[in-house]
Amino acid sequence: MTTTTGFAQVFMTQEELLATIPGGQLSGVSNNDGKTPWIQAYSKATSKKNGKLNGLWDGKDKYTGDWFVKDDQWCEKGNWGQKCWSVERIGANEFRIYENGQPKKNTWKLK
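Within any chain, residue numbers begin from 1 and follow the written order of that chain's sequence. This being a predicted model, a pLDDT of at least 70 is required before a residue's local features are given, and a value of 80 or more before pairs of side-chain atoms are given or counted; all residues contribute to the totals for chains, interfaces and linings. Note that water and hydrogens are dropped before the side-chain values are worked out from all heavy atoms of the structure.

### A closer look at the overall build of the chain
Test applied: For helices the rule is a DSSP run of H or I covering at least 4 residues; for strands it is a run of E covering at least 2, with both sets numbered from the N terminus onward. Here, two residues are considered to be in contact whenever any of their heavy atoms come within 4.5 Å of each other. Note that accessible areas follow from Shrake-Rupley with a 1.4 Å probe, and for residues the cover is restricted to the protein chains shown. Counting rule applied: Lys, Arg positive; Asp, Glu negative; His and chain ends not counted. To locate a charge, take atom NZ for lysine, CZ for arginine, CG for aspartate or CD for glutamate.
If you tally the helices and strands in the chain, you get 1 helix and 9 strands. Seen in sequence order, the chain has helices and strands lined up from the N terminus as α-β-β-β-β-β-β-β-β-β. By principal-axis analysis of the C-alpha atoms, the chain measures approximately 55 × 35 × 25 Å. Pairs at least 24 apart in sequence give 30% of the contacts found in the chain among residues at least 6 apart. Carbon and sulfur atoms make up 48% of the accessible area of the chain, which amounts to about 7200 Å² in all. A gap of 4 Å separates the mean positions of the 16 positive and 12 negative side-chain charges of the chain.

### Looking at the state of the cysteines
Worth spelling out the cut-off: In what follows, a disulfide is any cysteine sulfur pair within 2.5 Å. Working definition: with a 1.4 Å probe on protein chains only, accessible area under 20% of the residue-type maximum means buried, over 50% means exposed, and in between means partly exposed.
In total, this model carries 1 disulfide according to the counting rule given. Between the sulfur of C75 and that of C84 lies a disulfide, 2.1 Å long from S to S. Between C75 and C84, the S-S dihedral sits near 115°, and the bridge is therefore right-handed. A relative accessible area of 0% means that C75 is categorised as buried.

### Structural notes on the side chain of E99
What counts here: What qualifies as a polar contact is a pair of N or O atoms within 3.5 Å, subject to a donor-acceptor requirement within protein and to the restriction that residues adjacent in sequence count only when both atoms come from side chains.
Structurally, E99 is set in strand β7 (residues 94-99). A distance of 3.1 Å separates the side chain of E99 from the side chain of K83, its partner in a polar contact. Side-chain polar atoms of E99 contact the side chain of K104, separated by 3.2 Å. Sequence-distant contacts of E99, defined by excluding residues within four places in its chain, comprise K83, C84, W85 and K104.

### Looking at the nonpolar core
This is how the line gets drawn: Buried residues of nine kinds, namely Ala, Val, Leu, Ile, Met, Phe, Trp, Tyr and Cys, make up a nonpolar core once their side-chain atoms join them within 4.5 Å.
In terms of nonpolar packing, the biggest core is built from 17 residues, with L17, L26, Y42, W74, V87, F95 and W108 touching the most fellow members. Contributing elements (two or more residues each) for this core: β2 (37-42), β4 (61-70), β6 (81-91), β7 and β9 (108-110). Among the elements that make up this core, the one with the highest residue count is β4 (3 residues). Among residues more than four places away in sequence, those in contact with L26 are I21, W38, I39, Q40, Y42, F95, W108, K109 and L110.

### Remarks on the packing of aromatic side chains
The line we're drawing: Stacked, edge-to-face and tilted labels apply to pairs of Phe, Tyr and Trp rings (six-membered ring for Trp) whose centres lie within 6.5 Å, assigned for plane angles under 30 degrees, over 60, and everything in between, in that order.
With the rule as written, the count across this model stands at 6 aromatic pairs. Ring plane angle 85° and centroid distance 6.1 Å describe the contact between W38 and W108, whose orientation is recorded as edge-to-face. Pair noted here: W38 is in strand β2 and W108 is in strand β9, with a separation of 70 residues, a long-range link. Overall, W108 belongs to the buried group, its relative accessible area being 5%. Consider the rings of W67 and W74, whose centres lie 4.8 Å apart with planes at 15°: the pair is stacked. Among the residues examined, W74 registers a relative accessible area of 0% and is labelled buried.

This is the structure we're talking about:
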């Protein structure tokens, strides 16, 4: 007899995302090149469940954008376009993001 153990990701809901990220600061390493550090500060949520973000890329390039929550996904929009991710909490202050159902290698850390 064989048994298979499967683990399903539990993604954060809209309510959990709104209670966790707005007003905070996330940091990580780029999932595009695997080496460039970034840090982003998020405004508190408005009544429309959205807000502004300010970021710093590679310790020197400042940028701004907007954040919002849509269909239990964390979304960001700026001069890079728009991206939305499903977010899995993997620690008290650490998150793994999923794009199109696939996990990204580098995690986000909340400060």
